[in-house]
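An overview of the molecular structure
Below are the chains, spelled out letter by letter.
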Amino acid sequence: MEFKTQLMNYVELVNKKLNEYFPMIDTTNKNLFDAMAYSINAGGKRLRPVLMLAAYNLFREDTETPLPYCCGIEMIHTYSLIHDDLPAMDNDDYRRGKPTNHKVFGEGLAILAGDGLLNYAFEIMLKDALTHKDTRPFTQAIYEISTAAGVNGMIGGQVVDIESENTLIDGSTLDYIHLNKTAAMITASLKAGAIMAEAKETDIKNMEVIGRSLGLAFQIKDDILDIIGDKGKLGKDIGSDMDNNKSTYPSLYGLEYSQSRVRELTEEIEIILNSYGNKSGFLRDLGIYLMEREC
Ligand SMILES: CC(C)=CCC/C(C)=C/COP(=O)(O)OP(=O)(O)O
Ligand SMILES: C=C(C)CCOP(=O)(O)OP(=O)(O)O
């Protein structure tokens, strides 16, 4: 199947499943659920769930089994964006082509909508895990996701990111930020997919190596687009890193080196994926698509 068609199919599967979890109906807490659904339904590339489905499909053919976990990781990612945009963090006004959550619902509700999405993610993943006779691959997948989202992953990276504002950091601190803030969740998506498909340890390890490179390249590309991207296409503010005085690959090493690093990392990913032959064509094309993207 052609890459773009397959990508659309995966995104559609994820969106359909997300619709089953939203709207949550509670008239007393309508504002909370509206705020959660607002950011989930605002769009987004659905990269992490697509990676999870593609990794699962490297080893198993069905698409139904991993869907609750795909939705879970997308909810966790969406919560992180809501919080990242808050005045206490990046103070951004636009996200996914719309005003940010706190601009529409206010800061208090935006914080709680983020908290709500994080907890709802674990509720739906654990609920699904308990329906399986052999719960182990599913609880292991949840463990990977929770570790990646937590203090030894995304939250840890975000803390160093905000602590490093207005400071000239070195390359290894910058890599720590990228690997934890961004690559951890990308890696967990690939690993969780392979784990649920009961792939071999060596294959799970390969997913980890690919996730690290892809996550790093993805964040460098994001920071390049923050300088040379188009706000309309991206659906979010540009120049945010400069406004917040953040150290990024482009600010530390320049645009040209940053672009060549992205290419280098993409090639590293391709080498591993080539060992899976035709089956890994979608993931190979996805890597190239992400690095060439304008949004
Ligand atoms: C615990 C929290 C809040 C984690 C946030 C993690 C994250 C990857 C934020 C976006 O990074 P960014 O600011 O570089 O991206 P963007 O350009 O999309 O704002
Ligand atoms: C990790 C970063 C750079 C935050 C944005 O992630 P995405 O670019 O995947 O955001 P959406 O498409 O989900 O909005």
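Residues numbered from 1 in each chain as written. Chains lettered and ligands numbered in written order. Predicted model: local features only at pLDDT ≥ 70, side-chain atom pairs only at ≥ 80, totals over all residues. Heavy atoms only, no water.

As recorded in an unreviewed UniProt entry, the protein chain goes by the name Farnesyl diphosphate synthase, listed as coming from Alkaliphilus serpentinus. Taken verbatim from the UniProt record of the protein chain, the Cofactor (unreviewed entry) comment is "Mg(2+)". (UniProt positions renumbered as here; feature names shortened; annotations may be inferred.)

Some points on the overall build of the protein chain
Broken down by element type, the protein chain carries 15 helices and 2 strands. Projected onto its principal axes, the C-alpha coordinates of the protein chain cover approximately 55 × 50 × 35 Å. Here the protein chain holds 295 residues, and the buried ones make up 55% of them. Residue pairs in contact within the protein chain that sit at least 24 positions apart in sequence constitute 73% of those at least 6 positions apart. (Helix = DSSP H or I, 4+ residues; strand = E, 2+ residues; numbered from the N terminus. Buried < 20%, exposed > 50% of the residue type's maximum accessible area, 1.4 Å probe, protein only. Contact = heavy atoms within 4.5 Å.)

Focus: the site of ligand 2
As a matter of local geometry, ligand 2 sits amid Gly 44, Lys 45, Arg 48, His 77, Leu 81, Arg 96, Thr 182, Phe 218, Gln 219 and Asp 222. Between an oxygen atom of ligand 2 and a side-chain N or O atom of Lys 45, the distance comes to 2.6 Å. In this structure, Arg 96 approaches ligand 2 through a side-chain N or O atom, which is 2.8 Å from an oxygen atom. Counting residues per element, the ones that place at least two in the shell around ligand 2 are α4 (67-84) and α10 (201-228). With 3 residues, α10 is the single largest residue contributor to the shell around ligand 2. (Near = heavy atom within 4 Å. Polar contact = N/O pair within 3.5 Å; in protein donor to acceptor, adjacent residues only side chain to side chain.)

A few points about the environment of Glu 163
Positionally, Glu 163 belongs in helix α8 (residues 154-163). You can call Glu 163 exposed: its relative accessible area is 59%.

Details of a nonpolar patch on the surface
Where nonpolar side chains cluster on the molecular surface, the patch consists of Val 151, Ile 155 and Val 159 and spans about 240 Å² of accessible area. If you trace the backbone, Val 159 turns up in helix α8. (Patch = residues over 30% accessible without salt bridge, like charges linked within 9 Å, V, L, I, M, F, W, Y side chains within 5 Å. Areas by Shrake-Rupley, 256 points an atom, 1.4 Å probe, with all protein chains shown as cover. Salt bridge = Lys/Arg side-chain N within 4 Å of Asp/Glu carboxyl O.)

Comments concerning the packing of aromatic side chains
Aromatic ring pairs: the centre-centre distance and the angle between the two ring planes describe each pair. Enumeration over the complete set of coordinates arrives at 10 aromatic pairs. With centroids separated by 5.2 Å and ring planes inclined at 35°, the aromatic side chains of Phe 3 and Phe 282 adopt a geometry described as tilted. With Phe 3 in helix α1 (residues 3-21) and Phe 282 in helix α15 (residues 281-292), this residue pair connects regions lying 279 residues apart in the sequence. Phe 282 shares its class with Phe 3; the two are buried. Between Tyr 21 and Tyr 120, the aromatic rings sit 6.3 Å apart at their centres with planes inclined by 85°, giving edge-to-face as the arrangement. (Phe/Tyr/Trp six-rings, centres within 6.5 Å; stacked < 30°, edge-to-face > 60°.)

Observations regarding α8
Among the residues of α8, those classed as buried are Met 154, Gly 156, Gly 157, Gln 158, Val 160 and Asp 161. Its buried side turned inward, α8 meets α4, α7 (136-149) and α9 (171-196).

Comments concerning the nonpolar core
In this structure, Phe 22, Met 75, Ile 76 and Leu 286 are the most contacted members of the largest nonpolar core, which totals 84 residues. The element contributing the most residues to this core is α9, with 11 residues. Contacts of Ile 76, omitting those with residues within four sequence positions, involve Leu 118, Ala 121, Phe 122, Met 125, Ile 145, Ala 149, Met 154 and Met 185. (Core = buried A, V, L, I, M, F, W, Y, C linked by side-chain atoms within 4.5 Å.)

Section: the environment of Lys 246
Tracing the sequence through the fold places Lys 246 in the loop between α12 (240-243) and α13 (249-253). Looking at Lys 246, the relative accessible area reads 10%, which means it is buried. Sequence separation between Lys 246 and Glu 144 is 102 residues; the distance between their C-alpha atoms is 29 Å. Sequence-distant contacts of Lys 246, defined by excluding residues within four places in its chain, comprise Asp 90, Asp 161, Glu 165, Asp 241 and Ser 251. A distance of 2.5 Å separates a polar atom in the side chain of Lys 246 from a polar atom in the side chain of Asp 161.

Looking at the pattern of salt bridges
Tallied over the full model, the rule gives 20 salt bridges. Across the salt bridge formed by Glu 74 and Arg 46, the nearest N and O atoms sit 3.0 Å from each other. Highlighted residues: Glu 74 in helix α4 and Arg 46 in the loop between α2 (30-41) and α3 (47-59), separated in sequence by 28 residues. Note on Glu 74: relative accessible area 0%, which makes it buried. In this structure Arg 46 comes out as buried when scored by relative accessible area, which is 5%. Note that Asp 93 is salt-bridged to Lys 103, the shortest N-O span being 3.8 Å. Here the residue Asp 93 occupies a position in the loop between α4 and β1 (94-95), and Lys 103 occupies one in helix α5 (residues 101-105), the gap between them amounting to 10 residues.

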